[in-house]
Amino acid sequence: MGTAALSASWPGAYAANLLGLSKQVPMKVVYLTDGRSRTVQVGKCQIILKHTTPRNMATAGKISGLVIQALRHLSRKNVDQQVVAQLDRRLDDDARKQLVKDIRYAPAWIADIFRSLADRESAA
């Protein structure tokens with residue numbers, strides 16, 4: 001039986017909201033897990049556990065996972081310089097270093113953004 005990454009593999013809308021990239025507030029709590037998908041009722045709150053790949057779980061609990069999920073949610077066509085600038089303002093040096101460490105888990109287009117953000121650190 002797998003374990004839920006309750007510490008931070010957030011699906012897109014929530015991740016984008018946490019990073020200030022979206023004002024959308026998800027109505028349901030969804031967590032990615034390496035276990036089976038299911039819904040858990042806790043009082044009046046419904047928690048959805050959604051199965052994902054080991055690659056997505058590799059960045060669970062890290063800022064890199066949060067950024068990957070947020071950018072995936074926004075989609076490549078909606079990620080522009082304004083979005084990258086917002087991330088640039090939100091990420092500290094340690095977060096940028098984590099992005100570089102986890103670049104192998106990001107899709108190619110997101111890896112390019114990670115590199116761009118890391119380069120901004122060295123230029124600062």
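Residues numbered from 1 in each chain as written. Predicted model: local features only at pLDDT ≥ 70, side-chain atom pairs only at ≥ 80, totals over all residues. Heavy atoms only, no water.

### A closer look at the overall build of the protein
What the protein contains, in helices and strands, is 6 helices and 3 strands. Taken from the N to the C terminus, the helices and strands of the protein come in the order α-β-β-β-α-α-α-α-α. Per-residue burial for the protein yields a buried fraction of 41% across its 124 residues. Once local pairs closer than 6 in sequence are excluded, the contacts in the protein between residues at least 24 apart make up 60%. (Helix = DSSP H or I, 4+ residues; strand = E, 2+ residues; numbered from the N terminus. Buried < 20%, exposed > 50% of the residue type's maximum accessible area, 1.4 Å probe, protein only. Contact = heavy atoms within 4.5 Å.)

### Quick notes on the pattern of salt bridges
This structure, assessed with the given rule, holds 3 salt bridges. The partner of Asp102 in a salt bridge is Lys62, with the nearest N and O atoms 3.7 Å apart. A residue pair is termed long-range when its members are at least 10 positions apart, and Asp102 in the loop between α5 (93-101) and α6 (108-123) and Lys62 in the loop between α2 (54-57) and α3 (63-74) qualify at 40 residues. Close ionic contact of Arg96 with Asp88 constitutes a salt bridge, the shortest N to O distance being 2.7 Å. The exposure class of Arg96 is buried, given its relative accessible area of 6%. (Salt bridge = Lys/Arg side-chain N within 4 Å of Asp/Glu carboxyl O.)

### Concerning helix α4 (residues 81-90)
Turning to α4, its buried residues number three or more, namely Val83, Val84, Gln86 and Leu87. In a view along the axis of α4, the buried residues occupy a sector of 155 degrees, so they form one face of it. Turned more than 90 degrees from where α4 packs its buried face, Gln81, Gln82 and Arg89 sit exposed. Capping the start of α4, Asp80 holds a side-chain oxygen 3.1 Å from the backbone nitrogen of Gln82, two or three residues further along. (Arc of directions from axis to C-beta. Polar contact = N/O pair within 3.5 Å; in protein donor to acceptor, adjacent residues only side chain to side chain.)

### Concerning the environment of Leu49
Tracing the sequence through the fold places Leu49 in strand β3 (residues 45-51). We classify Leu49 as buried; its relative accessible area is 8%. The spacing of Leu49 and Val29 is 20 residues in sequence and 8.6 Å in space, taken between C-alpha atoms.

### What to know about the nonpolar core
Core analysis: the biggest nonpolar cluster contains 24 residues, and Leu21, Val67, Leu71, Val79 and Leu87 have the highest contact counts within it. Of all the secondary structure elements, the ones that give two or more residues to this core are α1 (12-18), α3, α4, α5 and α6. Contacts of Val79, omitting those with residues within four sequence positions, involve Leu71, Leu74, Val84, Trp109 and Ile113. (Core = buried A, V, L, I, M, F, W, Y, C linked by side-chain atoms within 4.5 Å.)

### Observations regarding the packing of α3 against α5
Here α3 crosses α5 at 75 degrees, and the two axes come no closer than 8 Å. As the angle between them shows, α3 and α5 are arranged roughly perpendicular. Across the interface between the two elements, Ile63, Ser64 and Val67 of α3 pack against Ala95, Gln98 and Leu99 of α5. Taken together, the residues that form the contact of α3 with α5 break down as 4 nonpolar, 2 polar and no charged. (Axes fitted to C-alpha atoms, helices over the stretch in contact; angles between N-to-C directions. Parallel < 35°, antiparallel > 145°, perpendicular 65-115°, else oblique. Nonpolar A, V, L, I, M, F, W, Y, C, P; charged D, E, K, R; others polar.)

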